[in-house]
Structure formats: C-alpha cells, structure tokens
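# Coordinates in review
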Amino acid sequence: MTRVLIVGTGGMANAHVEAYRTIPDVQVVGGVDTSAENLAAFCEQWDVPHRFASVNDALAWGEFDAVSNVTPDAVHHRTTMPLLAAGKHVLCEKPLAINHADATDMAQAAQAAGVVNMVNLTYRNVPALIHAADLIAQGAIGEVRHFEASYLQSWLVQPAWGDWQTEDQWLWRLSSAHGSMGVLGDVGVHIVDYATFAAGSDVARVSCRLKTFAKAAGDRIGPYHLDANDSMSMHLALQNGATGVLHASRFAAGHHNDLTLRIFGTKGGLKISFEKATSHLTACLGDDLLTGHWTDVETPAVQTNYARFIAAIRDGQPVGPDFARGAALQRVLDAAVVSDINRSSDQEV
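One structure accompanies this document, and this report is about it. (Residues numbered from 1 in each chain as written. Predicted model: local features only at pLDDT ≥ 70, side-chain atom pairs only at ≥ 80, totals over all residues. Heavy atoms only, no water.)

### Some details on the sheet that holds strand β2 (residues 26-32)
The strand order across the open sheet built from 6 strands is β3-β2-β1-β4-β5-β6, with neighbouring strands paired in parallel fashion. Lying at the two open borders of the sheet, with one neighbouring strand each, are β3 (50-52) and β6 (117-120). Between one strand axis and the next, the sheet turns through 25 degrees on average, direction left out of account. Here strand β5 (residues 89-93) pairs with β6 via 4 bridges, running parallel. Paired with V90 across the strands is N117, a residue of β6. Running over the sheet, helix α2 (residues 36-46) touches β1 (2-7), β2 and β3 and is turned about 165 degrees from β3. (Pairing = 2+ DSSP bridges. Helix = DSSP H or I, 4+ residues; strand = E, 2+ residues; numbered from the N terminus. Axes fitted to C-alpha atoms, helices over the stretch in contact; angles between N-to-C directions. Contact = heavy atoms within 4.5 Å.)

Below, the structure written as structure tokens:
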C-alpha cells in the first residue's frame, strides 16, 4: 500500500484524490491546510482520516510515503523542502516555484534525497502530445524548424467554472501578492513545456510581452490586488535551432481550456490539439506534402502523471517531468518576465 498525503486542499486537490482512487493499493491518508474550514470539508468529502495544520505537524506523525503538493505557487518551495529532507516522494503542482533560484533549490534537494520527484504538468497526460513527441524523436518530420502554440482559456469572460470576482480559488491567480505569476505561470508554463517537449529541445532565447487588463475598480477586489498578467505572447529560439511563437490568455472567448501546437520540420508537419478534454493528432508527411493533405493519426492511451508517479515509487525509478525539468521551465518564465520589463527584449535562457 502506498500512503499519500495531500498538502493544500483547494479545488485542484480533488482531482488528485480522484486520480489516486483509480490506482490499486493507493490510500490518501491525510490532508494538510492552514485553513481548518477547507481542511475539514476536504477530509469529510473524501473520507481522509488524518488532518494537519502544517507540513511539520504531518511530518511529526510521519505515516505516509508520498505527497501531492497542491498549495498555491508561492508556498511550493517552503512546503516541499521539509518533505524532501524527510525522504518523502513528492508530486508538486506547477509551476515548481515562483523563481528559478527556488526551483533549482528544490531540484537539487530532491536529487540529494534520492526520492521520486515530479511536476504535475497536466498535459503530459495528452495522448496526442506524447505520440507526437515520439514521432518527432524518431525523425518523422525531419529536423524541427518552426512551431506555433497556444493555450486559451476564457474564465475571465464567462462563469462556466465559477464567478472569478467572488471566489478565492480564482482571485488569488490574479494577484502577485498572493503568489501568482499570472497567465505566464499558471498556463504559460504548460504551453512552454508542451511545445519544447514535442520539439525535443530546451529554450535558448526568449522575448515576451505580458498584459494585465483592468478588471475591477481600483484593480482590487477585497484583499486581492489584480495586478498579475492576463495574456502573454512569446517568441522562442530553441537550442536545436528551431524558432516559434507561443501565446496564452484568459480572455479567449469561446475557448474554455484549449491547447494547440503546430510543429514543422524538413520532412513534414504535425498538429496536436487538446480541445474539450479530447486530444487529436494530424500529420502531413511524405507524398501528402505535395498536396498539403493532413491525415488523422491514431494515438495510444497513456498513463496519467499520478499513475506514473506511483509506479516510479514502487519501481524505484526516476520519472519525468521531474523537478529538474520544472527548474528549466522556471528559468524560461523568469527570462520572460525580464524581457517584458525591458520592452520585450531578447533574453538568453
């Protein structure tokens, strides 16, 4: 039996518990939250037997093997480091930290501890992305030359997921004082990973423009100063010589949660889409290049991050995307912030 502790019992914690419940011989044994009200509601909903007000309290008890860290971005570092020091395996929500220094600290601590460490980059669960990355690694499109990718949400213009103006789970994402890096950190990290994972190359240089729109009188709702960015556009140069553009927004009307990647090489192109929770892969290869015909490609099912995390613990093997990958992505995000401050100047990563 693998015993899992959930740290942070907000909305995303429910997805973690639901996923663990589908994996044989996994039990969620405890929850941690500074909010007694949130903690009680979560533990009662999921019949979680043990409750703790802090990570240190949970460690004093110690009867768990692994942790899902589902806290807000700003506290990932300080909640994860004691867990690593205690030799606990950790799956941490993205972004790994709010700056590259903290992310690197976490990656180095995880390596030193010899534990399984993983960043929950949700879209590594997308079959079309995983199969496309395999095809590209096998040379199906030749040398990668160009890509374009987007991550589009619209929860700032419609209430399908709830009312962002009244619910803390959305308001904190709009406030840098509450640890948010805005759309750049919240979903930008996903689309950077999505594109560069498929391309098989890390980022060499980046330029970026971030935009925060007025959303309330005085840019404030209660304790939340709404200063985090809402939209971003980015240009990347990769270490393998490819170049491409990315953009993400929470104002993309008509798109609740959609990701798209088009990637082109010397022998063909691929399109990877994830829309309405369904992934789709199409390809233009071989003789189809002459007519511009695109063909659907079947994609095998993939294990979820949660299942791969548990399997890695049981097998004693590393698994990706690990904390080192999280730190590499954070380096890109930090460079993007510097670029925006400096009028979208080109930054080395």
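### Quick notes on unusual backbone geometry
Note the cis peptide between K94 and P95, where omega equals -15 degrees. Residue G320 is joined to P321 through a cis peptide bond whose omega torsion reads 0 degrees. The residue P321 is located in the loop between α10 (305-315) and α11 (323-341) in this model. In this model, K276 sits at a positive phi of 55 degrees, which is unusual for a non-glycine residue. Within the secondary structure layout, K276 lies in the loop between β14 (268-275) and β15 (278-285). In this structure K276 comes out as exposed when scored by relative accessible area, which is 78%. Positive phi, normally seen in glycine, also occurs at S344, with a value near 65 degrees. Looking at where S344 falls in the secondary structure, it is placed in the loop between α11 and β17 (347-348). (Buried < 20%, exposed > 50% of the residue type's maximum accessible area, 1.4 Å probe, protein only.)

### Examining the packing of aromatic side chains
In this structure the tally under the stated criterion is 8 aromatic pairs. Relative to Y306, the ring of Y20 has its centre 5.6 Å away and its plane inclined at 75 degrees; by these criteria the two rings are edge-to-face. Of the two residues, Y20 sits in helix α1 (residues 11-20) while Y306 sits in helix α10, which places them 286 residues apart along the sequence. Considered together, Y20 and Y306 belong to a single accessibility category, that of buried residues. An aromatic cluster is built from F52, W61 and F64, whose rings are joined through pairwise contacts. Looking at K88, its charged tip hangs above the ring of F64, at a distance of 4.4 Å from the centre. (Phe/Tyr/Trp six-rings, centres within 6.5 Å; stacked < 30°, edge-to-face > 60°. Lys NZ or Arg CZ within 6 Å of the ring centre and 35° of its normal.)

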